[in-house]
Amino acid sequence: MKAAGEVSELRAAALDMRPMWRMGLLLSGAIGLLGFASTVYMFQVYGRVVDSRSVTTLLMLTLATTAAFAVMELLDKLRQRLFWAGSLRFDLRMTPRVYQASMGVLASGRPHSTSRVMSDMRSVREFFVNPALTALFELPMSLLALVLIFMISPVLGWAALFGGALQTLVAWMNQRISRAPLQEAQRGAQEAHRYADVTLRNAQVMHSMGMLESVLRRWQERQSRFLVSQARASEAAGALTAASKTLQQLMGSVLLGLSAWLLLGNNLAGGPAMLIISSVLGGRMLVPLTQLVSQWSAIVTFAGAFTRLEGLLREIPARDRSMPLPPPKGELRVEQLHVAPLGLQQLVLRGLQFHLTPGQVLAVVGPSASGKTSLAKALLGAWPAQAGKVRLDGVDVFSWDKDELGPYLGYLPQEVELIDGTLAENIARFGQPDALKLQEAAALVGLQEFIASLSQGYDAPVGRDGALLSGGQRQRVALARALYGRPALVVLDEPNSSLDEIGEAALLRAIGVLKSTGTTFVINTHRTGVLSVSDRLLVLREGAQLAFGPTVEVLQKLRDPSGAGGQAAAPATAPRMLQGGTA
Ligand SMILES: Nc1ncnc2c1ncn2[C@@H]1O[C@H](COP(=O)(O)OP(=O)(O)OP(=O)(O)O)[C@@H](O)[C@H]1O
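Residues numbered from 1 in each chain as written. Predicted model: local features only at pLDDT ≥ 70, side-chain atom pairs only at ≥ 80, totals over all residues. Heavy atoms only, no water.

**Q** Give me the lowdown on the packing of helix α17 (residues 471-483) against helix α18 (residues 501-516), citing residues and values where you can.
**A** Contact pair α17 / α18: the axes reach a minimum separation of 12 Å and the direction vectors enclose 0°. By the angle between their directions, the pair α17 and α18 is classed as roughly parallel. In this structure, α17 uses Arg476, Leu479 and Leu483 to contact α18, whose residues at the interface are Ile502, Gly503, Leu507, Ala510 and Leu514. Residue classes in the contact of α17 with α18 are distributed as 6 nonpolar, 1 polar and 1 charged. (Axes fitted to C-alpha atoms, helices over the stretch in contact; angles between N-to-C directions. Helix = DSSP H or I, 4+ residues; strand = E, 2+ residues; numbered from the N terminus. Parallel < 35°, antiparallel > 145°, perpendicular 65-115°, else oblique. Contact = heavy atoms within 4.5 Å. Nonpolar A, V, L, I, M, F, W, Y, C, P; charged D, E, K, R; others polar.)

Right, dumping it as structure tokens:
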């Protein structure tokens, strides 16, 4: 929860641009004042020129007014540029942070649309250059116009104020009427977006199993729901936008009529010129309000996007970069760890407690859904602990800055994800590839021959999601990425699921090599091969720690809880235990 009075990151970023807002206000003031040039011109023509009948005066006044309009145009362009630059600055500052938060939610496995988040970011960025924002900056000029009308005649002033109140009422009604359909349209858009995202990710499965048509039908249903509510929302907002424009025009005529009436009764100071001036001022006064009404859907879209982004950033807080920590050595301590998936309350791990020294290999076993992947996510700091801690060299991994900690961690997820790019880029985690480290990682997982056989070698593309590689090759590349640079802690989630015998032998060899140089391993597995290189064994069941200790001892205990059996029989129990049995 956000503490009372605490400013959200987005608001803070906008507030940090105070000089730009101030300049925007100043420019809007100047533009607004110059906008009165036509009124002044009119006043002067009716007064000075008509009285003096001087063509020179008329010419000079015309020139001065034209110059005023030229300057106004220039200032308007300047203001546009200022807000464009502001939107760019805001975007450059906040997009990486929003992207990181979005990735954080994605990593948690929750349904989430990054493209929706990016479209929210675009809505916020584009609001900087929306006429509604300019209208907000021009509101002080409305006030000035009102004061001038009051100065001409209080009767006109009150009439203008009444018009302003009516226009505000229209804006309020607009907000009331269009809020629900606009929100519904936004929700619909979000749902259609998310659905499109998910289906795009699963295009291969859909295509090969002929699911395309039914999926398309479902998407169309969502899309048409969104389009209908959008049309409803625009219709609701549109009706009042027309009313607001009519009101603005009517205002000019009402003030003109009232001024004429005042003039007939000799109650209008300034004479006939004031007829036109008050009418023009009345119209001008309502311009920003009309603009706000006509841009209402943009305002609602902006507000919705802003609130959603604030929620996202609150959920995935920025990590503290203030104190760089020394590189970890790989001492892993898990203390009374309770974990729930990111954003949820339901615990999937309860009370885990173990300790690994640098260079130790831990095998984590347990039946499906016992919490192995959840533990991997918690160890990497992707899921926060609800209670307890995961400490790497004594430091809580969740609060450790990911960019700082990342190079010291290796992770092979259960579902291998490669990124469109070259082999070198993927293995080197898209950083500046180091030739020696690349070769070492490739050799460790037995990939060097395959890479040498490629005409482009390390520069060969892997394709989208690694589509140009076989399943086993993808897993080896991902494994090489996890081992690149000899991280202090490597977490492997089912590393041998797509490996053949040679691949598995290479994996066990790689673990042996890096273990001897101090890398700590945590390996989730359903297969027994890994047990031959593991020092410790953790058995999970339904999110709880069933056993932890030296591999042979745990196996022994599981086989013979009374402690009567011999050690030699232990490995034979492994296959059953990996399926979820305890003996
Ligand atoms: N993102 C999530 N949201 C909600 N529940 C989740 C999420 N991820 C996992 N779970 C739940 O957490 C529990 C443990 O899942 P986990 O993936 O950690 O098991 P596992 O031991 O790795 O299973 P497997 O061997 O099948 O991969 C399951 O009951 C699962 O439903």
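Anyway, onward from the coordinates.
**Q** How would you sum up the side chain of serine 28? Please name residues and give values.
**A** Along the chain, the position of serine 28 falls in helix α2 (residues 18-35). The buried category is assigned to serine 28, whose relative accessible area is 0%. Setting aside residues up to four positions removed in sequence, serine 28 forms contacts with Arg79, Phe137, Glu138 and Met141. (Buried < 20%, exposed > 50% of the residue type's maximum accessible area, 1.4 Å probe, protein only.)

**Q** Describe the site of the ligand, with residues and values.
**A** Every one of the 16 residues lining the ligand counts as a neighbour, but Ser368, Ala369, Lys372, Thr373 and Ser374 are closest to it. Separating an oxygen atom of the ligand from a side-chain N or O atom of serine 368 is a distance of 2.5 Å. One nitrogen or oxygen atom from the side chain of histidine 526 is found 3.1 Å from an oxygen atom belonging to the ligand. Tallied by class, the residues present in the shell around the ligand amount to 6 nonpolar, 9 polar and 1 charged. (Near = heavy atom within 4 Å. Polar contact = N/O pair within 3.5 Å; in protein donor to acceptor, adjacent residues only side chain to side chain.)

**Q** Requested: an account of helix α6 (residues 131-152), with residues and values cited.
**A** The α-helix winds at 3.6 residues per turn, so residues separated by three or four positions along the chain end up facing the same way. Between its first and last C-alpha atoms α6 spans 30 Å; for 22 residues at 1.5 Å apiece the expected length is 32 Å, and the two agree. Most pronounced at glutamate 138, the bend in α6 amounts to some 40°, and the proline proline 140 follows within four residues. Within α6 the residues assigned to the buried category are Ala132, Leu133, Thr134, Ala135, Phe137, Glu138, Met141, Ser142, Ala145, Leu146, Ile149 and Ile152. The opening residue of α6, the one whose side-chain oxygen lies 2.7 Å from the backbone nitrogen of alanine 132, is asparagine 130. (Expected span 1.5 Å × (residues − 1). Bend = angle between axes of the 7 residues up to and from the residue.)

**Q** Requested: an account of a negative patch on the surface, with residues and values cited.
**A** Together, Glu415, Glu417, Asp420 and Asp465 make up a negatively charged patch on the protein surface. Locating aspartate 420 in the fold gives a position in the loop between β6 (409-412) and α14 (423-427). (Patch = residues over 30% accessible without salt bridge, like charges linked within 9 Å, V, L, I, M, F, W, Y side chains within 5 Å. Areas by Shrake-Rupley, 256 points an atom, 1.4 Å probe, with all protein chains shown as cover. Salt bridge = Lys/Arg side-chain N within 4 Å of Asp/Glu carboxyl O. Lys, Arg positive; Asp, Glu negative; His and termini not counted. Charge placed at Lys NZ, Arg CZ, Asp CG, Glu CD.)

**Q** Run through the nonpolar core, naming residues and quoting values.
**A** By size, the foremost hydrophobic cluster in this structure holds 61 residues, and its most contacted members are Phe90, Leu332, Leu375 and Val522. Per element, the largest residue contribution to this core is 9 residues, and it comes from helix α11 (residues 296-315). Residue contributions to this core reach at least three from each of two domains, namely domain 1 (9-315) and domain 2 (332-417 + 487-578). In contact with leucine 332, not counting residues within four places along its chain, are Phe354, His355, Leu356, Leu379, Val390, Arg391, Leu392, Leu489 and Val522. Counting 44 residues, the second-largest nonpolar core is a separate cluster that includes Val361, Val462, Leu483 and Leu537. (Core = buried A, V, L, I, M, F, W, Y, C linked by side-chain atoms within 4.5 Å. Domains from an automatic or database assignment.)

**Q** I'd like a rundown of the domain arrangement of the protein chain, residues and numbers included.
**A** According to the domain assignment, the protein chain contains domain 1 (9-315) and domain 2 (332-417 + 487-578). Summarising the inter-unit geometry, the C-alpha centres of domain 1 and domain 2 are found 56 Å apart.

**Q** So, a nonpolar patch on the surface: which residues are in play, and what are the values?
**A** Taken together, the side chains of Phe162, Leu166, Leu169, Trp172, Met173 and Ile177 present a nonpolar region at the surface, about 580 Å² in accessible area. Structurally, leucine 166 is set in helix α7 (residues 154-201).

**Q** Any chance you could break down the packing of aromatic side chains for me, citing the residues and the numbers?
**A** In the structure shown here, the tally under the stated rule is 9 aromatic pairs. Summarising the aromatic geometry, the rings of phenylalanine 90 and phenylalanine 128 are spaced 5.2 Å apart at their centres and angled 45° between planes, so their arrangement reads as tilted. Taken together, the residues phenylalanine 90 in helix α4 (residues 55-107) and phenylalanine 128 in the loop between α5 (114-127) and α6 connect sequence positions 38 residues apart. As far as the burial class goes, phenylalanine 90 and phenylalanine 128 line up, both buried. Summarising the aromatic geometry, the rings of phenylalanine 150 and tryptophan 158 are spaced 5.3 Å apart at their centres and angled 85° between planes, so their arrangement reads as edge-to-face. Using a relative accessible area of 27% as the deciding quantity, one classes phenylalanine 150 as partly exposed. (Phe/Tyr/Trp six-rings, centres within 6.5 Å; stacked < 30°, edge-to-face > 60°.)

**Q** Quick one: what's the story with unusual backbone geometry, residue by residue and with numbers?
**A** A positive phi angle is found at arginine 53, which is not glycine, with a value near 55°. Tracing the backbone through its elements, the reader meets arginine 53 in the loop between α3 (37-52) and α4. Despite not being glycine, glutamate 542 has its phi angle at roughly 50°, a positive value. Of note, glutamate 542 is situated in the loop between β9 (536-541) and β10 (544-550). Judged by relative accessible area, which is 62%, glutamate 542 ranks as exposed.

**Q** Please set out the layout of surface pockets residue by residue, giving values where relevant.
**A** In this structure, the second largest pocket occupies an estimated 460 Å³ of space. In this structure, the second largest pocket is lined by 24 residues; those nearest its centre are Ser123, Gln186, Gln230, Ser297 and Thr301. The set of elements that each furnish at least two residues to the lining of the second largest pocket consists of α5, α7, α9 (212-264) and α11. At 7 residues, α5 tops the list of elements feeding residues into the lining of the second largest pocket. (1 Å grid on protein atoms, 1.4 Å probe; cavity = no way out; pocket = protein on both sides within 12 Å on 5 of 7 lines; lining within 4 Å. Points joined across faces, edges and corners; volume = space filled by probe spheres on them.)

**Q** Can you tell me about the pattern of salt bridges, naming the residues and giving the values?
**A** Across all of its chains, the model carries 15 salt bridges by this definition. Residue arginine 97 is joined to glutamate 9 by a salt bridge in which the shortest nitrogen-to-oxygen separation is 2.7 Å. In this pair, arginine 97 is assigned in helix α4 and glutamate 9 in helix α1 (residues 9-15), connecting sequence segments 88 residues apart. The residue arginine 125 makes a salt bridge to aspartate 91 at a minimum N-O spacing of 2.9 Å. Of this pair, arginine 125 sits in helix α5 while aspartate 91 sits in helix α4, and the two are 34 residues apart along the sequence. Through salt bridges with shared partners, a single network forms among Asp76, Arg79 and Glu138.

**Q** How would you summarise the UniProt feature "transmembrane region" (unreviewed entry) in the protein chain if you had to cite specific residues and measurements?
**A** UniProt tags residues 21-43, 55-75, 127-149, 155-173 and 254-281 as "transmembrane region" (unreviewed entry). The annotated region residues 21-43 carries 96% helix and 0% strand content, and the separation between its end C-alpha atoms amounts to 33 Å. What you have in residues 254-281 is 71% helix and 0% strand, and the ends, taken at the C-alpha atoms, are 12 Å apart. (UniProt positions renumbered as here; feature names shortened; annotations may be inferred.)

**Q** Describe the pairing of strand β7 (residues 489-493), with residues and values.
**A** Within β7, 5 of the 5 residues are buried, which leaves it mostly tucked inside the rest of the structure. Looking at chain direction, β6 and β7 are connected through 4 bridges and run parallel. When the sheet's bridge partners are listed, leucine 412 is paired in β7 with leucine 492. Direction of pairing for β7 relative to strand β8 (residues 520-524): parallel, over a ladder of 5 bridges. If you follow valine 490 over to β8, its bridge partner there is phenylalanine 521. As a crossover connection, the stretch from β7 through α18 into β8 is right-handed. (Pairing = 2+ DSSP bridges. Right-handed = clockwise from strand over helix to strand, strands pointing away.)

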